[in-house]
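Results of the structural survey
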Amino acid sequence: MKVRQAQPQDVEGWFALRRALWPDCPDQDHREEIQAQFGAVDLAGFVAEAEDGQLVGFLEASLRRYAEGCVGSPVGYIEGWYVLPAWRRQGVGAMLVEAAERWAAEQGCAEMASDIELDNAASLKAHMALGFVEAERLIRVAKKIRKLPEARPRT
């Protein structure tokens, strides 16, 4: 098993892994977000490659100015992390996180953060097994708003 920073030749395998993690995301958005990783100083994509060359996992990391539970800045942040089910519980996820932590440390970070959906117990367990501690629980809300007419200038 080899974990390394993603290269342009990894796009199709990476794309398939992203679709498995985020199936509701439009394909064009996946492709644009993958391309954004190449050459960006505040983003890094890592892939886990099996002996046969198949990509079996990925992790996307970023640098954030702030993250809940962290006191320093910048903070390394796990934006997305996925390992194919057949490859889980074999250390692949840990290797991806370690690669991201090394990258974040090279960028001047002293902390790494992530987020987990409230109902994703498997992800929480994986994070905790790698030394993460729960910083807080948060539910974000959103709604669509209708466009209001332009306000008339006051005279």
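Before reading further, recall that the structure is shown in the block above.
Small disclaimer: the values here were computed from a predicted structure and weren't measured.

**Here's the deal with unusual backbone geometry**
Note that the residue after S73, namely P74, is joined by a cis bond; omega there is 0°. Structurally, P74 can be placed in the loop between β3 (55–64) and β4 (75–83).

**As for the side chain of D10**
If you trace the backbone, D10 turns up in the loop between β1 (2–5) and α1 (11–21). The buried category is assigned to D10, whose relative accessible area is 5%. Among the polar contacts made by the side chain of D10, one reaches the side chain of R4 at a distance of 2.6 Å. Non-local contacts of D10, meaning those with residues more than four positions away in its chain, are made with R4, Q5, V47 and L55.

**A closer look at the packing of aromatic side chains**
Tallying each qualifying case throughout the model produces 2 aromatic pairs. Arranged with centres 5.9 Å apart and planes meeting at 90°, the rings of W14 and F38 form a pair that is edge-to-face. Note that W14 is positioned in helix α1 and F38 in the loop between α2 (27–37) and β2 (43–49), a separation of 24 residues in sequence. Seen from their ring centres, W22 and F58 are 6.0 Å apart, and the 65° between their planes marks the pair as edge-to-face. Placement of W22 in the loop between α1 and α2 and of F58 in strand β3 is noted, with a sequence separation of 36 residues between them. Of the residues examined, W22 reaches a relative accessible area of 28% and is grouped as partly exposed. The ring of F15 carries R31 above its face, with NZ or CZ at 3.9 Å from the centroid.

**A look at the pattern of salt bridges**
Per the counting criterion, the structure on display carries 9 salt bridges. Residue E33 is joined to R18 by a salt bridge in which the shortest nitrogen-to-oxygen separation is 2.9 Å. Pair noted here: E33 is in helix α2 and R18 is in helix α1, with a separation of 15 residues, a long-range link. When salt bridges with common partners are traced through the structure, they connect K2, R4, D10 and E49 into a single cluster.

**Let's talk about the nonpolar core**
Within the largest apolar cluster, 20 residues are counted, with the highest numbers of intra-cluster contacts made by F46, L59, I78, L96 and M112. Counting residues per element, this core draws most heavily on helix α3 (residues 92–106), which supplies 7 residues. Residues within four places of L96 in sequence aside, it is in contact with V3, F46, V47, A48, G57, F58, L59, W81, Y82 and V83. Ranked by size, the runner-up nonpolar core spans 10 residues in total, among them A6, L17, F58 and Y82.

About the thresholds
- Residues numbered from 1 in each chain as written.
- Predicted model: local features only at pLDDT ≥ 70, side-chain atom pairs only at ≥ 80, totals over all residues.
- Heavy atoms only, no water.
- Helix = DSSP H or I, 4+ residues; strand = E, 2+ residues; numbered from the N terminus.
- Buried < 20%, exposed > 50% of the residue type's maximum accessible area, 1.4 Å probe, protein only.
- Polar contact = N/O pair within 3.5 Å; in protein donor to acceptor, adjacent residues only side chain to side chain.
- Contact = heavy atoms within 4.5 Å.
- Phe/Tyr/Trp six-rings, centres within 6.5 Å; stacked < 30°, edge-to-face > 60°.
- Lys NZ or Arg CZ within 6 Å of the ring centre and 35° of its normal.
- Salt bridge = Lys/Arg side-chain N within 4 Å of Asp/Glu carboxyl O.
- Core = buried A, V, L, I, M, F, W, Y, C linked by side-chain atoms within 4.5 Å.

Everything listed here is a matter of coordinates, which is why it stays silent on function.
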